[in-house]
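# Structure at a glance
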Amino acid sequence: MVCFLFLFPIFLISKDVPKLNARVTDETWTLHSDFIAALEKQLKDHEKKTSNQIAVYIIPSLEGENLEEFSIKVAETWKLGQKGKDNGVLLLVAKEDRKIRIEVGYGLEGALTDIMCRYIIENEIKPYFKKGEYDVGIQNGVKIIMKTIEGEYQMPEPKDYSHLGPLSFLGELSPASEQMPIVLRIFLSFFILFVLGIFTYFAANAPYIGWFVYFFLFPFWSLFPTAIHGANVGATVFLTYAIGIGIYKLYHLLTPHGRKRMRNSSFKTTSGSGRSGGWSSSGSSGGFRGGGGSFGGGGSSGSW
């Protein structure tokens, strides 16, 4: 009981939500005052045009709070959006935690869907945050949010990889390759080619266990090239390996000359073994206040 009373105050501690005074609040001093002022004006003009209220809140850390729970707490405390319309949006960034959340009011969930919020975070914000360009990421995110709820923007159709047939699933790995620096691509290409080349040589020339290694390497020759160079290159590399090495092994299995070569192969005695081998913390203090909007947890989260 004494222990409970001693620890009880800890459960009462939670991160406070500041009073809403501006559409852009930066508690990390990351954004320049000129940028904040310009963004504040954009959001104010958007609200005047549509009545939608959008706020940007950048904090150093969540201080142990759950991202989604703290985001909805901020949105409900600030009451973004107009009462009855519930047309508010909150873009929350926890810089040290590297987390992002777009919280959407009830009235805008039809336009700014969870999938759309996820797309904005992954494609318009995160790539720039990873490079330390926070102002660009926030500007892009806010711009797409405004255009989406104004009906001027639609999420691009995903790339079609149906031409790859059974290998179309490789398209899911392609986005990673688009964000990979060219120098890293080149290094990984040579490294993977070297490592897989060793095992491939064994698979091609070992008479018995070589067949097992040949099939075992299928996922490696498809997933790694795809992750580095995209689905089309990955599928081409995989088919080249599967068909080329497959024909090579069948030649040695089905033809007299091939069988003779296999009998004389250095792998004959080792076929049963192998190796696996001027800054500001907020915008203009124009007395910005929430209009009484409500939120129900719509939106999306991400991290970088």
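Each value, and the rule that gives it
- Residues numbered from 1 in each chain as written.
- Predicted model: local features only at pLDDT ≥ 70, side-chain atom pairs only at ≥ 80, totals over all residues.
- Heavy atoms only, no water.
- Phe/Tyr/Trp six-rings, centres within 6.5 Å; stacked < 30°, edge-to-face > 60°.
- Buried < 20%, exposed > 50% of the residue type's maximum accessible area, 1.4 Å probe, protein only.
- Lys NZ or Arg CZ within 6 Å of the ring centre and 35° of its normal.
- Core = buried A, V, L, I, M, F, W, Y, C linked by side-chain atoms within 4.5 Å.
- Helix = DSSP H or I, 4+ residues; strand = E, 2+ residues; numbered from the N terminus.
- Contact = heavy atoms within 4.5 Å.
- UniProt positions renumbered as here; feature names shortened; annotations may be inferred.
- Pairing = 2+ DSSP bridges.
- Right-handed = clockwise from strand over helix to strand, strands pointing away.

## Re the packing of aromatic side chains
Scanning the model with the defined rule gives 15 aromatic pairs in all. Ring centres of tyrosine 214 and phenylalanine 215 lie 4.8 Å apart, and the angle between their planes is 65 degrees; on these two criteria the pair is classed as edge-to-face. Taking relative accessible area as the criterion, tyrosine 214 reaches 6% and is therefore assigned buried. One aromatic cluster is present, built from ring pairs that chain together Trp211, Tyr214, Phe215, Phe218, Trp221, Phe238 and Tyr241. Its end group placed over the ring of tyrosine 134, lysine 95 keeps NZ or CZ at 4.9 Å from the ring centre. Lying across the ring of tryptophan 211, lysine 249 places its NZ or CZ 4.8 Å from the centre.

## Comments concerning the nonpolar core
Within the largest apolar cluster, 32 residues are counted, with the highest numbers of intra-cluster contacts made by Val56, Ile102, Leu112 and Ile138. Going through the elements one at a time, helix H2 (33-50), strand E2 (53-59), strand E3 (88-94), strand E4 (99-105), helix H4 (114-130) and helix H5 (134-149) are the ones with two or more residues in this core. Among residues more than four places away in sequence, those in contact with isoleucine 138 are Leu31, Leu39, Val56, Ile58, Leu91 and Phe129. Residues Leu170, Met180, Phe199 and Val213 belong to the second largest nonpolar core, which totals 23 residues.

## Thoughts on unusual backbone geometry
The backbone of glutamate 63 sits at a positive phi, close to 55 degrees, despite the residue not being glycine. The residue glutamate 63 is located in the loop between E2 and helix H3 (67-78) in this model. Owing to a relative accessible area of 59%, glutamate 63 belongs among the exposed residues under this scheme. Although it is not a glycine, aspartate 86 sits at a positive phi angle of roughly 50 degrees. Mapped onto the secondary structure, aspartate 86 falls in the loop between H3 and E3.

## Considering the UniProt feature "transmembrane region" (unreviewed entry) in the protein
According to UniProt, the positions carrying the feature "transmembrane region" (unreviewed entry) are residues 182-204, 211-228 and 234-254. Here residues 211-228 runs as 94% helix and 0% strand, with 27 Å between its end C-alpha atoms. The span residues 234-254 shows a helical share of 100% and a strand share of 0%, and its end C-alpha atoms are spaced 30 Å apart.

## Topic: the pairing of E3
Within E3, seven of the seven residues are buried, which leaves the element mostly enclosed by the surrounding structure. Burial along E3 is two-sided: Gly88, Leu90, Leu92 and Ala94 facing one way and Val89, Leu91 and Val93 facing the other are all buried. The sheet contact formed by E2 and E3 spans seven bridges and is parallel. Residue pairing across strands places glutamine 53 opposite glycine 88, the latter belonging to E3. The parallel pair E2 and E3 is bridged by H3, and the resulting crossover is right-handed. Bridge count for E3 against E4 is six bridges, and the pairing is antiparallel. In the sheet register, leucine 92 faces E4, and the bridge partner there is arginine 101.

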